[in-house]
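Working through the structure, step by step
Each chain, written out:
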Amino acid sequence: MPSCLGCGCDRVIRLRGVSYTYPEGELPALRDVGLDVAEGEICAIVGANGAGKSTLAQVLAGFCPHFEGGELDGEVHVAGLDIASSRMEDIVPRVGLVLQNPFNQISGARFTVREEVAFGLENLGVPEREMGARVDEMLETLRIDHLASRSPYELSGGQQQLVALAAILVMRPRVVVLDEPTSQLDPAGTDLVFTALRALRDTDLTTVLIEHKLEQLEQYADSVVVLADGVVRAKGRPREVLAHDELEAWGVGGTRFSRAARELRTRGWWRPDVEIPVSLGDAVDAVRRLTGAAAVRPAAVEVGEPAAGEVRLDWPVTDDGGSADLEVTGLRFRYPSGVTALDGVDLTVAPGERVAVIGENGAGKTTLVKHLNGIFRPSDGQVLVGGWDTREHSVAQLAQRVAYLFQNPAEQLFARTVRREVEFGPRNLGYAQERVAELTDAALRALSLTRFADDHPYQLTQTEQKRVALACVLAMNTPVVILDEPTTGQDYRTMQTLRAVVGMLAKAGRTVIAVTHDMDFAAENFDRIVTMARGRVLADTPVADAFLDDAVLREAAVHPPQLTRLGRELGWVRPVLTVSDLVERVGAVADI
């Protein structure tokens, strides 16, 4: 595979001195960026939210400045085109862009997945017979051929993400720019996308990939670039860049393996001759070298324990939030199209529990939790929230007991300013104005949104909008909080804040239910895991037992968390769930 990392070969992407400022921007979003990417290379871009990653993606695809306007300086050459002086009709066939939010990329002009994937080819004038063959091949490659006759709007967020990716890849551009293409995918779906991208290198497809899933980047990417404040801070081979000591300062954090190693080093339990590991294999070798033949004692399994750099929140929670238990019995749900999404679900959640719901895309996870606040009504069965039958109460009434963070923040943001958005919930629940102000200010502070208080929510990035939506949920101060994919698109620092939010709510006695594809987040922050597949609950276990049954994990298309896999490889009986757990186990017997 050709590489541009210092070998002087031809570049498909060449940037020199690139700076870009949005039309209303006071400062450049990108500053003096240089980048070389060879034909067939997979180049990953990592960085904190707001670092300039999505802006760089849109510059490469010509959206900045051709659609956004603004000021672009420097040289941008992609697929043989000078982007600044080329027309979009010349750029589009050569450079494909998959947006961060797949919902925004669905055309709305086609009724089925198959038609949606073919839409770009129709616009390029591809002959019908060739079009059909290419669409069939791409649907099979991404394993969404079973969805071909479904409406794109009936799909889960992860399934929509695969459709959006298929619609771009089927056009066979020379360069594809992917803005967090796996953020809503289950672990198996994530592996599928990366495997497909590696296979497409044989066709000389060049890929620029924005991604927060660092373990996969070490395995699949050829190069990694770190952006911070619009500036390139590091670039090179994945293992070199992802082991960099400044990753946390740049808002990237690192894999759980490297973070555990740095914590061991901080405590004096790491040897200078052992490299900081990035991958599972490196971590296994490092721990064996540190511990020798000693048996590592099992540490007490806990969740929500403090970690290095943990954020702690000051939250004005009082008893006015109340409590409510949840009881789901024989729940079945069918969409108007006839698709059965839930098939006999039973679930009981006591006040104050922290429950993560995991499983493959399309398993019924979101459909299940949307029954808890009345958005969906059972086709059969019953849902009780604090004794209220959801079929007998409106969504507005159920909002007194259940606050819901949508997977797509655009579905719940409508006010003219961020402050008005956050105020809306507690005001409509009848809180006194003084309490409304207190809850609103606290939620804005907790999510680092105070500086955006007077901005329109739709002027913010999607990840910032997600934080606004979460602030709205917190300000409602309900006994039950549902978080639907809260980690989507979030960087290391925001993940630390999310961890603190879950811990804060639990400390206040609130019930927290999260739908998530992030197994590390689930293992570190929840004490119970519900695993789903095909509209059914496969397992409902304490977190310590949730990743022991390989048959259940395979059926649900999920993988154990990073550190749990490490413990397995080392032959440890009890699972490792957190960085603190691993540090204590290794530190007890480390041969320093």
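Whatever comes next refers back to the structure up there.
What counts, and at which threshold
Sequence positions are assigned chain by chain, starting from 1 and proceeding in written order. For this predicted model, a pLDDT threshold of at least 70 governs which residues receive local features, and a threshold of 80 or more governs which side-chain atom pairs are given and counted, while totals over whole chains, interfaces and linings are taken from all residues. Excluding hydrogens and water, the side-chain figures rest on all heavy atoms present in the structure. The criterion for strand pairing is that DSSP finds at least two bridges linking the strands in question. We count a stretch as a helix when DSSP gives it H or I for four or more residues in a row; a strand needs E for two or more, and each element gets its number in order from the N terminus. Convention adopted: a line fitted to C-alpha atoms gives each axis, helices being fitted over their contacting stretch, and angles between N-to-C directions are expressed from 0 to 180 degrees. Note on contacts: a residue pair qualifies if any of its non-hydrogen atoms lie within 4.5 Å across the two residues. Every angle not falling under 35 degrees, over 145, or within 65 to 115 is termed oblique; those three ranges are roughly parallel, roughly antiparallel and roughly perpendicular. Handedness of a crossing follows from how the near helix is turned relative to the far one, being left-handed for an anticlockwise turn of less than a right angle and right-handed for a clockwise one. In this classification, Asp, Glu, Lys and Arg are treated as charged, Ala, Val, Leu, Ile, Met, Phe, Trp, Tyr, Cys and Pro as nonpolar, and every other residue, Gly included, as polar.

With mixed pairing, the 6 strands of this open sheet are ordered in space as β6-β7-β8-β3-β9-β10. Bordering the open sheet on either side are β6 (95–98) and β10 (231–236), each of which pairs with just one other strand. Taken over all neighbouring pairs, the strand axes of this sheet differ in orientation by 15° on average, direction set aside. Together, β6 and β7 (175–179) form the strand contacts of helix α6 (residues 157–169), whose direction differs from that of β6 by roughly 175°.

Our next topic: the packing of helix α14 (residues 418–428) against helix α15 (residues 433–446). Where α14 contacts α15, the axes come no closer than 9 Å and their chain directions differ by 130°. Comparing the axis directions of α14 and α15 gives the class oblique. In this structure, α14 crosses over α15, and the sense of that crossing is right-handed. For the pair α14 and α15, the contacting residues are Val418, Arg419, Val422, Glu423, Pro426 and Arg427 in the first and Gln433, Val436, Leu439, Thr440, Asp441, Ala443 and Leu444 in the second. Its residues placed into classes, the contact of α14 with α15 shows 7 nonpolar, 2 polar and 4 charged.

Moving on: unusual backbone geometry. Geometrically, the link from Cys64 to Pro65 is a cis peptide bond, its omega value of 15° lying close to zero. Note on placement: Pro65 falls in helix α2 (residues 63–66). A positive phi angle is found at Ala79, which is not glycine, with a value near 50°. Turning to its location among the elements, Ala79 is positioned in the loop between β4 (71–78) and β5 (81–82). Of note, Asp204 is a non-glycine position whose phi angle comes to about 70°, a positive value. Position of Asp204 relative to the elements: it lies in the loop between α7 (187–200) and β8 (206–210).

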